[in-house]
Amino acid sequence: MTKANRPILAATDELTEAVGLDLNAALAPLLEQRHQAPIIRPSRAVDVAKLIDQSYPRGDESLEQLVAQITQATERYPRRNTHPGFFGWVAPSGLPSDPLAHAMLTVLNENVGGYWASPVGTTIEKTVIRWLADLVEFPAKSQGVFMSGGSMANMTGIASACAKRFGVEYRSLGLAAFSDESRPVIICSQAAHFSIRRAAVMLGIGTDNIVTIDTDDEFRMRADALEAALAEHDNIICVVASAGTTNTGAIDPLPQIADLCSAQNVWLHVDAAYGAGGLMSAKLRPRYRGIERADSVVMDMHKWFYQSLAGSLLLYREPGWARQMFTESSDYLRMNEDDSPEQFGFFSLSPELSRRFRALPFYISMRHYGLDRMGRNALHNVQCAEYLAERVCVEQDMELVTAPQLSILCFRFRPAGLDNDAVDQLNTAIRDRIEREGDYLISPTQVNHRVVLRVCIINHATRAEHVDGLLDSILRIGRELAAQ
Ligand SMILES: Cc1ncc(COP(=O)(O)O)c(C=O)c1O
């Protein structure tokens, strides 16, 4: 190329020059919105679309204009997981330290694939993983990797179980080569999260090859039924237990499950995506007894660790199987040529290569608030759930369906004289009205095929007054509807 062809775009970097914004001022209205009612406003997609400029961009809008557009749209049509009256699904509140942490990791823009790509990021991430592994009481040799969410982390844990079950040839031959004598199966309870089914789909195992174990009266995996299933099947990839099921917050009997798995050398994967946040409290930790015997554990930072979306930790007791599964080499990237920390790569522990600096928000919040304070909040969430259960039990027209094992409980408004179908309809109407009123939000679900009101308390800002307010609203609406 001659000098005459030397490309000229602009004298300086015009994309940088085009930006000029006071970040604090831009975020202030959004920060204010976080605790404002309504939590959600009924909307039609067509109305939301009207607030979002969908014309092809000309590139002539200021960042202030764009901030205003998004702020106004979310003000009009919010969905505020951040609100202390939000009790739905398993949605994260986010921490006040998160905007800073997320801004930092975005500005740094390091790819925490491994030490060479991010020496500081990798060191921080390994540090955080060690803290969390210590909470689970995993051995010093254990390792982990942050992933995008519990669904991906569950799938990756099960993939690593395949590596152990089928050996090194699994990588080249695939699952079919190990399916001749008996079909490879995953065992989990009826109450396991549906991400286990999707993992079975994506890993080519197939949902028909999930062996589903019955649960007891408290929706925990029945150990006797697991024992029978383990005796019946001889090509078992892993047993998946839950430390906090999504619907009722049940913790499977981990010590018995661990005994059964270790007797047959079967991989035990514990899905603690929701429940693990409770480990921050020393008072709650005994409830998870047995988790320390798992082969892999999933814990979502963006659930009960209060972190903003998104990050999930997958922990391996023995990381060698994951390495066997995921280590690749390529001309352009050298991976783990020796065991030195400078060669360390997270990309050998999961299928992800480029990785956001997901551990930074947790590092900052743990150092800023400390484990004791974070744990005190988790304990408070559980105490709020237990308090709500007590209040439900004393009301004549309420029925507690599942008591909180952690911070989730389910109950029904059940006035005398109504049959089950009528009670279902009434509770659906109550939930819908709560949502329309906007001060609280609970998610719809069913337990034993009956509609219940499910409350999940994982917001650090939630106080007993919000719990009281929710129950008072349910009683007011329920009694009003029942009288009609
Ligand atoms: C127990 C459990 N496991 C896995 C998941 C999936 O996690 P994610 O939404 O982070 O993919 C959830 C989601 O609520 C869950 O409750």
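Please refer to the structure higher up on the page.
Values in this document were obtained by computation on a predicted structure and should not be read as measured data.

Draft legend 1. Layout of the overall build of the chain. The helix and strand tally for the chain stands at 15 helices and eleven strands. Relative to the compact-globule value of 23 Å for 484 residues, the chain shows a C-alpha radius of gyration of 25 Å, a close match. Considered along the principal axes of its C-alpha atoms, the chain spans approximately 90 × 65 × 40 Å. For the chain, the residues scored as buried account for 51% of the 484 residues in total. Contacts in the chain between residues at least 24 apart in sequence constitute 73% of all its contacts with a sequence separation of at least 6. Within the structure as shown, the chain displays about 23,100 Å² of accessible surface, and the carbon and sulfur contribution to it stands at 52%. Of the side chains in the chain, 47 bear a positive and 59 a negative charge, and the two mean positions are spaced by 2 Å.

Draft legend 2. Inspection of the site of the ligand at higher detail. Near the ligand there are 14 residues, and of these Gly150, Ser151, Thr246, Asp271 and Asp300 occur at the shortest range. Take Gly150: an N or O atom from its main chain is 2.7 Å from an oxygen atom of the ligand. Here His302 contributes a side-chain N or O atom positioned 2.9 Å from an oxygen atom of the ligand. Against a free-state accessible area of 390 Å², the protein chains account for coverage of 83% of the ligand. Of the residues contributing to the shell around the ligand, the split by class is two nonpolar, nine polar and three charged.

Draft legend 3. Quick look at the sheet that holds strand E11 (residues 450-456). Strand order in this open sheet of four strands is E8-E9-E11-E10, and the pairing throughout is antiparallel. Taken across any chain shown, the strands that pair with only one partner, and hence form the sheet edges, are strand E8 (398-402) and strand E10 (443-447). With strand direction ignored, the average angle separating the axes of adjacent strands in the sheet is 45 degrees. Pairing of E10 with E11 involves five bridges; the strand directions are antiparallel. Counted as the bridge partner of Val447 is Arg450 from E11. Set on the sheet, helix H14 (residues 420-437) makes contact with strand E9 (408-413), E10 and E11; between it and E11 the angle comes to about 35 degrees.

Draft legend 4. Main features of the packing of aromatic side chains. Scanning the entire structure with this criterion turns up nine aromatic pairs. Residues Trp116 and Phe347 carry aromatic rings whose centres are separated by 6.2 Å and whose planes lie at 45 degrees to one another, so their mutual orientation is tilted. Of this pair, Trp116 sits in the loop between helix H5 (98-108) and helix H6 (119-136) while Phe347 sits in the loop between helix H12 (320-326) and helix H13 (360-394); the two residues are 231 residues apart in sequence, bridging distant segments of the chain. Note on Trp116: relative accessible area 47%, which makes it partly exposed. Taking the centre distance of 6.4 Å and the plane angle of 55 degrees together, the rings of Tyr170 and Phe178 count as tilted. Note on accessibility: Tyr170 and Phe178 belong to one class, buried. Among the aromatic residues, ring-to-ring pairing joins Phe166, Tyr170 and Phe178 into one connected group. The side chain of Lys126 reaches across the aromatic face of Phe344, ending 4.1 Å from its centre. For the cation-ring pair, Arg317 lies above Phe138, with the distance from its terminal atom to the ring centre recorded as 5.0 Å.

Draft legend 5. A look at the environment of Val48. One can find Val48 in helix H3 (residues 45-51). Counting along the chain gives 231 residues from Val48 to Leu279, while the straight-line C-alpha distance between them is 40 Å. Ignoring anything within four residues of it in the chain, the contact list for Val48 reads Ser43 and Tyr77.

Draft legend 6. Region of the structure containing the state of the cysteines. All told, the structure shown has zero disulfides when counted by the stated rule. The cysteine Cys261 is free of any disulfide, with Cys238 supplying the nearest cysteine sulfur at 8.8 Å. Judged by relative accessible area, which is 1%, Cys261 ranks as buried. Counting only cysteine sulfurs, Cys456 is the nearest neighbor of Cys410, a cysteine outside any disulfide, at a range of 9.8 Å. Residue classification places Cys410 among the buried residues on the basis of a relative accessible area of 0%.

Draft legend 7. Main features of the pattern of salt bridges. Scanning the entire structure with this criterion turns up 28 salt bridges. Between Arg44 and Asp47 there is a salt bridge, with the nearest N and O atoms lying 3.1 Å from each other. What you see here is one network of salt bridges that share partners, running through Arg391, Glu395, Asp397, Asp468, Asp472 and Arg479.

Reading the values: the criteria
- Residues numbered from 1 in each chain as written.
- Predicted model: local features only at pLDDT ≥ 70, side-chain atom pairs only at ≥ 80, totals over all residues.
- Heavy atoms only, no water.
- Helix = DSSP H or I, 4+ residues; strand = E, 2+ residues; numbered from the N terminus.
- Rg over C-alpha atoms; globule rule 2.2 N^0.38 Å.
- Buried < 20%, exposed > 50% of the residue type's maximum accessible area, 1.4 Å probe, protein only.
- Contact = heavy atoms within 4.5 Å.
- Areas by Shrake-Rupley, 256 points an atom, 1.4 Å probe, with all protein chains shown as cover.
- Lys, Arg positive; Asp, Glu negative; His and termini not counted.
- Charge placed at Lys NZ, Arg CZ, Asp CG, Glu CD.
- Near = heavy atom within 4 Å.
- Polar contact = N/O pair within 3.5 Å; in protein donor to acceptor, adjacent residues only side chain to side chain.
- Nonpolar A, V, L, I, M, F, W, Y, C, P; charged D, E, K, R; others polar.
- Pairing = 2+ DSSP bridges.
- Axes fitted to C-alpha atoms, helices over the stretch in contact; angles between N-to-C directions.
- Phe/Tyr/Trp six-rings, centres within 6.5 Å; stacked < 30°, edge-to-face > 60°.
- Lys NZ or Arg CZ within 6 Å of the ring centre and 35° of its normal.
- Disulfide = S-S within 2.5 Å.
- Salt bridge = Lys/Arg side-chain N within 4 Å of Asp/Glu carboxyl O.

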